[in-house]
Amino acid sequence: MPDADGIKEAKMFHCDIPQETRGFFLKGANALDWGMKNRLARIFNPQTGKTVMLAIDHGYFQGPTTGLERVDINILPLVPYADTLMLTRGILRAVIPPSTSQAIVLRVSGGASILKELSNEDIAVDIEESIRLNVCAMAVQVFIGGEFEKQSIINMTKMVDIGNRYGIPTLAVTAVGKDMARDAKYFRLACRICAELGAHYIKTYYVEKDFETVTSSCPVPIVIAGGKKIPELDALTMAYNAIKEGAAGVDMGRNIFQSDAPIAMIQAVRAVVHDHETPKKAFELYKSLKKSMKCK
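A count of helical and extended segments in the protein gives twelve helices and ten strands. In terms of overall dimensions, the protein is globule-like: its C-alpha atoms have a radius of gyration of 21 Å, near the 19 Å expected for 296 residues. Counting only C-alpha atoms, the protein reaches 70 × 50 × 40 Å along its principal axes. Across the 296 residues that make up the protein, the buried fraction comes to 48%.

A few words on the nonpolar core. Ranked by size, the top nonpolar core spans 71 residues in total, and within it Ile75, Ile202 and Phe211 carry the most contacts. Every residue in contact with Phe211, bar those within four places of it in the chain, is listed here: Thr204, Tyr205, Tyr206, Ile222, Ile224, Ala242, Glu245 and Ala247. Counting 17 residues, the second-largest nonpolar core is a separate cluster that includes Ala29, Ala103, Val173 and Ala248.

Right, let's get into the packing of aromatic side chains. A complete count under the given rule lists seven aromatic pairs for this structure. Against the face of Tyr205 rests Arg182, its NZ or CZ located 4.5 Å from the ring centre.

The next point concerns unusual backbone geometry. One non-glycine residue with positive phi stands out, namely Asn134, at about 60°. Secondary-structure assignment places Asn134 in the loop between helix H5 (127-132) and strand S6 (137-142). Residue His276 is not a glycine yet carries a positive backbone phi of 60°.

With that out of the way, let us pick up the pattern of salt bridges. This model, assessed by the stated rule, comprises 13 salt bridges. Between Asp83 and Arg270 there is a salt bridge, with the nearest N and O atoms lying 3.1 Å from each other. Of this pair, Asp83 sits in the loop between helix H3 (71-74) and strand S2 (84-87) while Arg270 sits in helix H11 (residues 262-275); the two residues are 187 residues apart in sequence, bridging distant segments of the chain. Given a relative accessible area of 14%, Asp83 falls into the buried group. Given a relative accessible area of 23%, Arg270 falls into the partly exposed group. For Lys290, the salt bridge goes to Asp260, with nearest N and O atoms at 3.8 Å.

Take helix H12 (residues 279-295) next. In this model H12 runs 24 Å from its N-terminal to its C-terminal C-alpha over 17 residues, within 8% of the 24 Å that 1.5 Å per residue would give. Of all the positions in H12, only Pro279, Ala282, Phe283, Tyr286 and Leu289 are classed as buried. Burial along H12 is one-sided: seen end-on, the buried residues are contained in an arc of 125°. Across H12 from its buried face, at more than 90 degrees, point the exposed residues Lys280, Lys281, Lys291 and Cys295. Looking at the packing, one finds that the buried side of H12 touches helix H9 (232-244) and H11.

Before going further, it helps to examine the sheet that holds strand S1 (residues 51-55). Spatially, eight strands are ordered S1-S2-S3-S6-S7-S8-S9-S10 in a closed barrel, and the strand pairing comes out parallel. Along the sheet, successive strands turn relative to each other by an average axial angle of 25°, direction set aside.

With that settled, the discussion passes to the environment of Lys50. Assignment of secondary structure puts Lys50 in the loop between helix H1 (34-43) and S1. For Lys50 and Glu232, which are 182 residues apart along the polypeptide, the C-alpha to C-alpha distance reads 20 Å. Not counting residues up to four positions away in its chain, the partners in contact with Lys50 are Ile43, Phe44, Asn45, Asp83, Ile243, Ala247, Ala248, Gly249, Val273 and His274.

Let us look at the side chain of Thr84. By secondary structure assignment, the location of Thr84 is in strand S2. Judged by its relative accessible area of 0%, Thr84 falls in the buried class. Of note is the side chain of Thr84, whose polar atom sits 3.3 Å from the backbone oxygen of Ile43. Discounting chain neighbours no more than four positions away, the residues touching Thr84 are Arg42, Ile43, Thr51, Val52, Met53, Leu54, Gln102, Ala103 and Val105.

Time to look at the pairing of strand S10 (residues 249-252). Side-chain alternation along S10 places Gly249 and Asp251 on one buried face and Val250 and Met252 on a second face that is also buried. One ladder, built from four bridges, connects S1 with S10; its direction is parallel. If you follow Val52 over to S10, its bridge partner there is Val250. Bridging between strand S9 (residues 222-225) and S10 involves two bridges; their strand directions are parallel. Within the sheet, the bridge partner assigned to Ala225 lies in S10 and is Asp251. With H9 bridging S9 and the parallel S10, this β-α-β connection has right-handed handedness.

About the criteria used
- For every chain, the first residue of the written sequence is number 1, and numbering continues from 1 along that sequence.
- Whole-chain, interface and lining totals are the exception, using all residues; otherwise, since this is a predicted model, local features are given only for residues with pLDDT of at least 70 and side-chain atom pairs are given and counted only at 80 or more.
- For the side-chain quantities, the full set of heavy atoms in the structure was used; hydrogens and water were omitted.
- Helix and strand assignments come from DSSP, with helices taken as H or I runs of at least 4 residues and strands as E runs of at least 2, each series counted from the N terminus.
- Every radius of gyration here is taken over C-alpha atoms, with the globule rule written as 2.2 Å times N^0.38, N being the number of residues.
- Residue exposure (1.4 Å probe, protein chains only): buried if accessible area is under 20% of the type maximum, exposed if over 50%, otherwise partly exposed.
- Definition of nonpolar core: a set of buried residues of the types Ala, Val, Leu, Ile, Met, Phe, Trp, Tyr and Cys, connected through side-chain atoms within 4.5 Å.
- Here, two residues are considered to be in contact whenever any of their heavy atoms come within 4.5 Å of each other.
- Think of it this way: a Phe, Tyr or Trp ring, Trp meaning its six-membered ring, pairs with another when their centres are within 6.5 Å, and the plane angle makes it stacked under 30 degrees, edge-to-face over 60, tilted otherwise.
- Two limits define a charge over a ring: the Lys NZ or Arg CZ must be within 6 Å of the ring centre, and within 35 degrees of the ring normal.
- The salt bridge criterion pairs a side-chain nitrogen of Lys or Arg with a carboxyl oxygen of Asp or Glu, the two atoms within 4 Å.
- Multiplying 1.5 Å by the residue count of a helix minus one yields the expected span of that helix.
- Summarising the geometry, the arc corresponds to the directions from the helix axis toward the C-beta atoms.
- Strand pairing is assigned whenever DSSP identifies at least 2 bridges connecting the two strands.
- Only the stretch in contact is used when fitting a helix axis, every axis being a line fitted to C-alpha atoms; angles between N-to-C directions are given from 0 to 180 degrees.
- Within 3.5 Å is the distance limit for a polar contact, defined as a pair of N or O atoms, with the added protein rule that one can donate a hydrogen and the other accept it, and that residues adjacent in sequence qualify only through two side-chain atoms.
- We call a crossover right-handed when, viewed with both strands directed away from the observer, the connection leading from the first strand over the helix to the second proceeds clockwise.

These figures capture arrangement, not role.
Rendered as structure tokens:
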């Protein structure tokens, strides 16, 4: 116990300098508790306000996707270049080293496969698992307009409630079924519903027309899904336009791990998201890195 007799009198009160109350850098997050903000600040880079998420959770409903057959071989080399990994608890425990410093977003909804109706999901992971695994957010699929729309929304709100209790954010992932329109009107609806019901940030798809109306009408950050594999320059252009039109980052999977040079591609994506590189310059970076890797 400290010796009270030896304590010096405090003098450095700086009475002439008011204490500064700083706002949080992410849209819609200023009223959140400290732990929630701290986790979000690990997902999103506080210097840029953006994130490059690497999505590798596809296996939870479609099995060993091309490029994810061996996560230990194909994905671990990419991890140092990502801000955040989005994955399942099975892959996290089985493959990802505990020394990994990247933020973890854990897939917590599930229950359907590609052989059945995908919107028929439930909560598949207990909050205690998220706490044990020290995750920074929990991802829940939301099927606005889907057959099981109500259930998917309630799944999300349940995780928002319990996540708020323990300081863990909820990521709402907007799903698009085969019969749903992929346009700004639909994504404005889906993203706004998720935000209104408490999602802390949202993953959705980029659309070329009026995407800025999706981001501006959503009061929390939006990250875009990469979607199916497209040519590298097209993927970089999509990321560039999304950021320019208000997105707070990307959550890419197939457009990175199915690329001819995944390590080069994720670095090119980072250049677009964090360094404001144009698609043309980022593509040149991709080609240069790809060439240098082949020479090794």
